[in-house]
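Below are the chains, spelled out letter by letter.
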Amino acid sequence: DQQVKQNSPSLSVQEGRISILNCDYTNSMFDYFLWYKKYPAEGPTFLISISSIKDKNEDGRFTVFLNKSAKHLSLHIVPSQPGDSAVYFCAAIGNFGNEKLTFGTGTRLTIIP
Amino acid sequence: DAGITQSPRHKVTETGTPVTLRCHQTENHRYMYWYRQDPGHGLRLIHYSYGVKDTDKGEVSDGYSVSRSKTEDFLLTLESATSSQTSVYFCATGQGKNSPLHFGNGTRLTVT
């Protein structure tokens, strides 16, 4: 049972435009969400996070939005740059009495020059 | 990142043989994790550790065991490798809830 879902396996965006990556979750106990970026042959690297007490968090070109009622979060990248081409994973952790982080299946973002 | 070293980086082994993957960290993080990455499945948690000798199962723990005898080392063992365990394995460390995990660069394991 996939508790964190990224329904778009891939996304192509023109350089300079906005990239929007989406993530849905099913477990209402999740209360902290993270986005990771992964280049080939490297481990994922942390990008940005958001707590369930907020609905938006911004860091430079990256903004994460959380809609708790819809159990949906999105990552906005503005403006998109060629170096943003990577696989993006959303992840969630909750009040389960453990420190297990659950990941989505990933979205491959390609920025077209 | 966070001084995480995975060894080996690549391994090819035969079905039925035991395999041990090693994760070494220099950041003194309390939590350590083993994930596997497979197409269409993203990153799935195999086992994790919340302290020396303290471990717990993840969502895909069957066929795997772990040990953590020192803070800095977390070993993942495939007792009898199967072709379904062909994957890329990532080790990660963390300091607790609401702090991001830091990942190693992965071990590509092929079971023939």
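Everything here concerns the structure above.
Residues numbered from 1 in each chain as written. Chains lettered and ligands numbered in written order. Predicted model: local features only at pLDDT ≥ 70, side-chain atom pairs only at ≥ 80, totals over all residues. Heavy atoms only, no water.

1. Digging into the pairing of strand 3 (residues 19-25) of chain B
All names here are of chain B.
Inference 1: Alternating positions in strand 3 separate cleanly, Val19, Leu21, Cys23 and Gln25 being buried on one face and Thr20, Arg22 and His24 remaining unburied on the opposite face.
Inference 2: Where strand 1 (residues 4-7) lies against strand 3, four bridges are found, and the strand directions are antiparallel. What sits directly across from Thr5, in strand 3, is His24.
Inference 3: Pairing between strand 3 and strand 8 (residues 73-78): six bridges, direction antiparallel. Bridge pairing links Leu21 to Leu76 in strand 8. (Buried < 20%, exposed > 50% of the residue type's maximum accessible area, 1.4 Å probe, protein only. Helix = DSSP H or I, 4+ residues; strand = E, 2+ residues; numbered from the N terminus. Pairing = 2+ DSSP bridges.)

2. A closer look at the side chain of B:Thr107
All names here are of chain B.
Inference 1: Topologically, Thr107 is positioned in strand 11 (residues 107-111).
Inference 2: Relative accessible area serves as the criterion here: at 0%, Thr107 is assigned to the buried category.
Inference 3: Of the polar contacts made by the side chain of Thr107, one reaches the side chain of Gln6; its length is 3.5 Å.
Inference 4: Discounting chain neighbours no more than four positions away, the residues touching Thr107 are Gln6, Ser7, Pro8, Arg9, Leu21, Ser87, Val88 and Tyr89. (Polar contact = N/O pair within 3.5 Å; in protein donor to acceptor, adjacent residues only side chain to side chain. Contact = heavy atoms within 4.5 Å.)

3. Some thoughts on the pattern of salt bridges
Inference 1: In total, this model carries eight salt bridges over all chains according to the counting rule given.
Inference 2: Across the salt bridge formed by A:Lys100 and B:Asp56, the nearest N and O atoms sit 3.8 Å from each other. With A:Lys100 in the loop between strand 9 (86-94) and strand 10 (102-103) and B:Asp56 in strand 6 (residues 54-57), the pair connects residues from two separate chains.
Inference 3: By sharing partners, the salt bridges in this structure join A:Lys37, A:Arg61 and A:Asp84 into a single network. (Salt bridge = Lys/Arg side-chain N within 4 Å of Asp/Glu carboxyl O.)

4. A look at the sheet that holds strand 7 (residues 62-67) of chain A
Residue and element names in this part refer to chain A.
Inference 1: Taken in spatial order, the five strands make up an open sheet running 1-3-8-7-6, and their pairing is antiparallel. Each having just a single partner strand, strand 1 (4-5) and strand 6 (56-59) make up the two edges of the open sheet.
Inference 2: Pairing geometry for strand 3 (residues 19-25) and strand 8 (residues 72-77), over six bridges, is antiparallel. Bridge pairing links Ile20 to His76 in strand 8.

5. Re the interface of chain A and chain B
Inference 1: In this assembly, 21 residues from chain A lie in contact with 23 residues from chain B.
Inference 2: Summed over both partners, the interface of chain A with chain B buries about 1800 Å², with 58% contributed by carbon and sulfur atoms.
Inference 3: When the area that chain A buries against chain B is broken down by residue, the three leading residues are A:Glu99, A:Lys100 and A:Phe103, summing to 32%.
Inference 4: Connecting chain A to chain B are one salt bridge.
Inference 5: Here chain A is connected to chain B by four residue pairs in polar contact (both at pLDDT 80 or more).
Inference 6: Residue assignment for the side of chain A that touches chain B shows that the elements contributing at least two residues are strand 4 (30-38) and strand 9 of chain A.
Inference 7: Per-element tally for the side of chain A that touches chain B: the top contributor is strand 4 of chain A, with five residues. (Buried area = accessible area lost by both parts, 1.4 Å probe.)

6. So, the side chain of A:Asp84
Residues and elements named next belong to chain A.
Inference 1: Locating Asp84 in the fold gives a position in the loop between strand 8 and strand 9.
Inference 2: Take Asp84: its relative accessible area is 1%, and that puts it in the buried class.
Inference 3: Here Asp84 is in contact with Lys37, Arg61, Phe62, Ile77, Pro79, Leu109 and Ile111, once residues within four sequence places are set aside.

7. Thoughts on the nonpolar core
Inference 1: Grouped together as the largest cluster of nonpolar side chains are 23 residues, with contacts concentrated most on A:Phe33, A:Trp35, A:Leu73, A:Leu75 and A:Tyr88.
Inference 2: Contributions of two or more residues to this core are made by strand 3, strand 4, strand 5 (45-51), strand 7, strand 8, strand 9 and strand 11 (107-112) of chain A.
Inference 3: When residues of this core are assigned to their parent elements, the largest contribution, four residues, is made by strand 9 of chain A.
Inference 4: Ignoring anything within four residues of it in the chain, the contact list for A:Tyr88 reads A:Gln6, A:Leu21, A:Trp35, A:Tyr36, A:Lys37, A:Leu47, A:Leu75, A:Ile77, A:Gly106, A:Thr107 and A:Leu109.
Inference 5: In terms of nonpolar packing, the next biggest core, distinct from the first, is built from 20 residues, A:Tyr36, A:Val87, A:Ala91 and B:Tyr33 among them. (Core = buried A, V, L, I, M, F, W, Y, C linked by side-chain atoms within 4.5 Å.)

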